[in-house]
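# Observations on the model geometry
Next come the chains, spelled out residue by residue.
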Amino acid sequence: MEKEQRRVLITGAAGFLGSHLCDRFIKEGCKVIGMDNLSTGSMKNIEHLFPVKDFEFYFHDVTKFVHVPGKLDYILHFASPASPIDYLKIPIQTLKVGSLGTHNLLGLAKEKKSRFLIASTSEIYGDPSVHPQNEEYWGNVNPIGPRGVYDEAKRFMEAITMAYHTYHGLDTRIARIFNTYGPRMRLNDGRALPAFIGQAIRGEDITVFGDGSQTRSFCYVNDLIEGIYRLLMSDYVYPINIGNPDEITIKEFAEEIIKLTGTKQKIVYQELPIDDPKQRQPDITKAKEILGWSPKVSRAEGLKITYEFFKKVLLEQK
Ligand code: UDP
């Protein structure tokens, strides 16, 4: 007998990670229902999927009651603003999509008996005092700071997801995603990588916030998607870090981008945003042991691909 086609709902489908997930599940032979309200996503990220018969798009805000007809094997909740400047612009929506949105989707998952995976984040560790961050660390978050709207929404998201698992027996997965980059990031989303590459291409100075000694660890998007897929297919219900442990200071990162792009511009230092984490590096022991996953794409390789993507985007804008 032929196996029934798996059906998956992906929220935030027009966003950076959501759109790559849609591609992956189409490749796996699934029927993909992509949902987005386009508040930070872009149709451009999924327009190539419109002719695909296994793809369907729902323009919908998940903070409102969510209805999807038919069975759903998996629900992946990736809808959310994901850049610090977005949290400042739309703080209430950021809180709502993580809380009300997650609640609606959990209700849907319960009704459909779907496996439910959430995009949590390294931000739940706040400005961490444990380094590298392992999943047992509870974090150091300022609830009322400008980033609190995102951090606390994601912390609530983990709590309610775990509660649905414990009290309703829902099959759940929690991915703690660290800084990820690659094609389909928004050039103007304010984050370090698109900001630096955009500035280099436009011939502007590179804006490093603070003294640039803060660290981040950047994961290429294809590696991240593989980690998410493996987590979904595993039976592990506790939070798991997915990221690349290759840590770098933001100043060194800016220098790498100056070298990559060959720009003649210099680094200029600007004020460090409030509550900007001083250090961030995932401990991925669990992902390695439980999922057999570790990132494969080096920063040099990933940055080259991403640079080519941004050059094309800017050319098209001209
Ligand atoms: N950053 C910077 N210049 C920019 C944008 C960001 O120096 O134009 C810094 C930011 O202060 C932070 C790091 O780069 O320390 C990574 O910031 P991003 O917004 O990419 O992600 P997050 O802080 O959420 O990790």
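Note that the coordinates shown come from a computational prediction; the quantities given were computed from them, not determined experimentally.

One can describe the packing of helix H1 (residues 16–27) onto helix H7 (residues 221–233) by two numbers: an axis separation of 10 Å at closest approach and a directional angle of 65°. At the point where H1 passes H7, the crossing takes the right-handed sense. Contacts between H1 and H7 pair Phe16, Leu17, His20, Leu21, Arg24 and Phe25 from the former with Val221, Leu224, Ile225, Glu226, Ile228, Tyr229 and Leu232 from the latter. Considering only residue class, the contact of H1 with H7 consists of ten nonpolar, one polar and two charged.

In this section: the packing of helix H4 (residues 100–112) against helix H5 (residues 148–168). At a closest axis distance of 10 Å, the pairing of H4 and H5 adopts a crossing angle of 25°. The orientation of H4 with respect to H5, classified from their angle, is roughly parallel. Pair H4 / H5 crosses with right-handed handedness. Mapping the contact onto sequence places Thr102, His103, Leu106, Gly107 and Lys110 in H4 and Met157, Ile160, Thr161, Tyr164 and His168 in H5. A breakdown of the residues in the contact of H4 with H5 according to their chemical character gives four nonpolar, five polar and one charged.

Once that is clear, we can look at unusual backbone geometry. Most peptide bonds are trans, and most residues other than glycine sit at a negative phi. A cis geometry characterises the amide bond from histidine 131 onward to proline 132, with omega recorded as -10°. The topology assignment puts proline 132 in the loop between strand S5 (115–121) and H5. A positive phi is found at leucine 38, a non-glycine position, where the angle reads about 60°. For leucine 38, the position within the fold is in the loop between strand S2 (31–36) and strand S3 (55–59).

What follows is about the side chain of arginine 176. Along the chain, the position of arginine 176 falls in strand S6 (residues 172–177). At 2.9 Å, the side chain of arginine 176 and the side chain of tyrosine 125 are in polar contact. In terms of polar contacts, arginine 176 uses its side chain to reach the side chain of glutamate 158, at 2.7 Å. In contact with arginine 176, not counting residues within four places along its chain, are Ser120, Thr121, Ser122, Ile124, Tyr125, Glu135, Tyr137, Glu158, Pro239, Ile240, Asn241 and Ile242.

This part is about the packing of aromatic side chains. Both the distance between ring centres and the angle between the ring planes are used here to describe each pair of aromatic rings. Tallied over the entire structure, the rule returns twelve aromatic pairs. Here phenylalanine 25 and tyrosine 74 contribute two aromatic rings whose centre-to-centre distance is 6.4 Å and whose plane-to-plane angle is 55°, an arrangement assigned as tilted. On the criterion of sequence distance, the pair formed by phenylalanine 25 in helix H1 and tyrosine 74 in strand S4 (residues 74–77) is long-range, its members being 49 residues apart. For the residue pair phenylalanine 25 and tyrosine 74, the accessibility class agrees, reading buried in each case. Note on phenylalanine 50 and phenylalanine 55: the rings are 5.9 Å apart at their centroids and 85° apart in plane angle, and the pair reads as edge-to-face. For phenylalanine 55, a relative accessible area of 7% gives the class buried. Following the ring pairs from residue to residue traces out a cluster consisting of Phe25, Tyr74 and Tyr229. Between the NZ or CZ atom of arginine 24 and the centre of the ring of tyrosine 229, over which it lies, the distance is 4.4 Å.

Where burial is concerned, most of strand S1 (residues 7–11) is hidden: five out of the five residues are buried. Of the two faces of S1, the one holding Arg7, Leu9 and Thr11 and the one holding Val8 and Ile10 are both buried throughout. Both S1 and S2 contribute to a ladder of five bridges, which runs parallel. Residue pairing for S2: isoleucine 10 is matched across the bridge by glycine 34. In the classification by handedness, the crossover that spans S1, the intervening H1 and the parallel S2 is right-handed. Sheet topology note: the S1/S4 ladder contains four bridges and is parallel. When the sheet's bridge partners are listed, isoleucine 10 is paired in S4 with leucine 76.

Rules used throughout
Residues numbered from 1 in each chain as written. Predicted model: local features only at pLDDT ≥ 70, side-chain atom pairs only at ≥ 80, totals over all residues. Heavy atoms only, no water. Axes fitted to C-alpha atoms, helices over the stretch in contact; angles between N-to-C directions. Helix = DSSP H or I, 4+ residues; strand = E, 2+ residues; numbered from the N terminus. Left-handed = near helix turned anticlockwise from the far one by under 90°. Contact = heavy atoms within 4.5 Å. Nonpolar A, V, L, I, M, F, W, Y, C, P; charged D, E, K, R; others polar. Parallel < 35°, antiparallel > 145°, perpendicular 65-115°, else oblique. Polar contact = N/O pair within 3.5 Å; in protein donor to acceptor, adjacent residues only side chain to side chain. Phe/Tyr/Trp six-rings, centres within 6.5 Å; stacked < 30°, edge-to-face > 60°. Buried < 20%, exposed > 50% of the residue type's maximum accessible area, 1.4 Å probe, protein only. Lys NZ or Arg CZ within 6 Å of the ring centre and 35° of its normal. Pairing = 2+ DSSP bridges. Right-handed = clockwise from strand over helix to strand, strands pointing away.

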